[in-house]
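Given next are the chains, with one letter for each unit.
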Amino acid sequence: MINFQVNGNEVSFNEDPSTPLLWVIREKIGLTGTKFGCGAGLCGACSVHLNGSVVRSCVLPVAAANNQQITTVEGLSPDGSHPVQKAWQEIDVPQCGYCQSGMIMAASALLKDKPDATDDDISMAITNLCRCGTYQRVREAIHLAKNVGDKK
């Protein structure tokens, strides 16, 4: 039995421990904000927080979540009031939006660790792929989020 928390809620999983965490989050728990992109941990659409650090859930076996805390994009704030979510809305970052939950998770982890992130910090931390090319708006929103409220 694998036990962990997702967005503060207790979860138990008693199936194949090598199942990717992404599929447990989406199919078993029903939180679909975390997206499947490449399935190889390269694109970042599946990014979630594991104990506050960003991870790619498509390549992380659910067994690695045992006794851990997972946060998905739905768990950043109950009403979209997290500074990164607010900045994303203000800048109107998404185009198609598919990659954006992963981008938001990566950006929120970055600002938690480096509240005064520089362009170089952003370039190093935000390795998520966006087929629509919203990278400049992502960077702008991250800088805006640095100045918006408490960074949870």
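We now turn to the structure provided with this report. All values derive from a computational prediction rather than experimental measurement. (Residues numbered from 1 in each chain as written. Predicted model: local features only at pLDDT ≥ 70, side-chain atom pairs only at ≥ 80, totals over all residues. Heavy atoms only, no water.)

### Description of the nonpolar core
As a rule of thumb, nonpolar side chains are buried together in soluble globular proteins.
Part 1 of the reasoning: If you look at the biggest cluster of nonpolar residues, it comprises 23 residues, and the most contacted ones within it are V84, W88, M103, I126, V138 and I142.
Part 2 of the reasoning: Those elements that place two or more of their residues in this core are α2 (83-91), α3 (100-113) and α5 (135-146).
Part 3 of the reasoning: In terms of residue count, the dominant contributor to this core is α3 (seven residues).
Part 4 of the reasoning: Not counting chain neighbours up to four residues away, the residues in contact with I142 comprise W88, A107, L110, L111, I122 and I126.
Part 5 of the reasoning: Counting residues in each nonpolar core, the second largest holds 16 residues, with V24, L60, V62 and I70 among its members. (Core = buried A, V, L, I, M, F, W, Y, C linked by side-chain atoms within 4.5 Å. Buried < 20%, exposed > 50% of the residue type's maximum accessible area, 1.4 Å probe, protein only. Helix = DSSP H or I, 4+ residues; strand = E, 2+ residues; numbered from the N terminus. Contact = heavy atoms within 4.5 Å.)

### Observations regarding the side chain of N128
Part 1 of the reasoning: Within the secondary structure, N128 is located in the loop between α4 (119-125) and α5.
Part 2 of the reasoning: One polar contact links the side chain of N128 to the main-chain carbonyl oxygen of G44, over a distance of 3.1 Å.
Part 3 of the reasoning: A distance of 3.2 Å separates the side chain of N128 from the backbone oxygen of G102, its partner in a polar contact. (Polar contact = N/O pair within 3.5 Å; in protein donor to acceptor, adjacent residues only side chain to side chain.)

### Some remarks on the pairing of strand β2 (residues 9-13)
Part 1 of the reasoning: Pairing between strand β1 (residues 2-6) and β2: five bridges, direction antiparallel. Across the sheet, residue F4 finds its bridge partner in β2, namely V11.
Part 2 of the reasoning: Joining the antiparallel neighbours β1 and β2 is a turn of two residues, in which N7 adopts a positive phi near 55°. (Pairing = 2+ DSSP bridges.)

### As for the layout of surface pockets
Part 1 of the reasoning: One number sums up the size of the largest pocket: a volume of about 210 Å³.
Part 2 of the reasoning: As for the largest pocket, its lining consists of 16 residues, of which H49, G52, T71, L76 and K112 are closest to the centre.
Part 3 of the reasoning: Elements with a contribution of two residues or more to the lining of the largest pocket: β5 (69-71) and α3.
Part 4 of the reasoning: Taken together, the residues that form the lining of the largest pocket break down as three nonpolar, eleven polar and two charged. (1 Å grid on protein atoms, 1.4 Å probe; cavity = no way out; pocket = protein on both sides within 12 Å on 5 of 7 lines; lining within 4 Å. Points joined across faces, edges and corners; volume = space filled by probe spheres on them. Nonpolar A, V, L, I, M, F, W, Y, C, P; charged D, E, K, R; others polar.)

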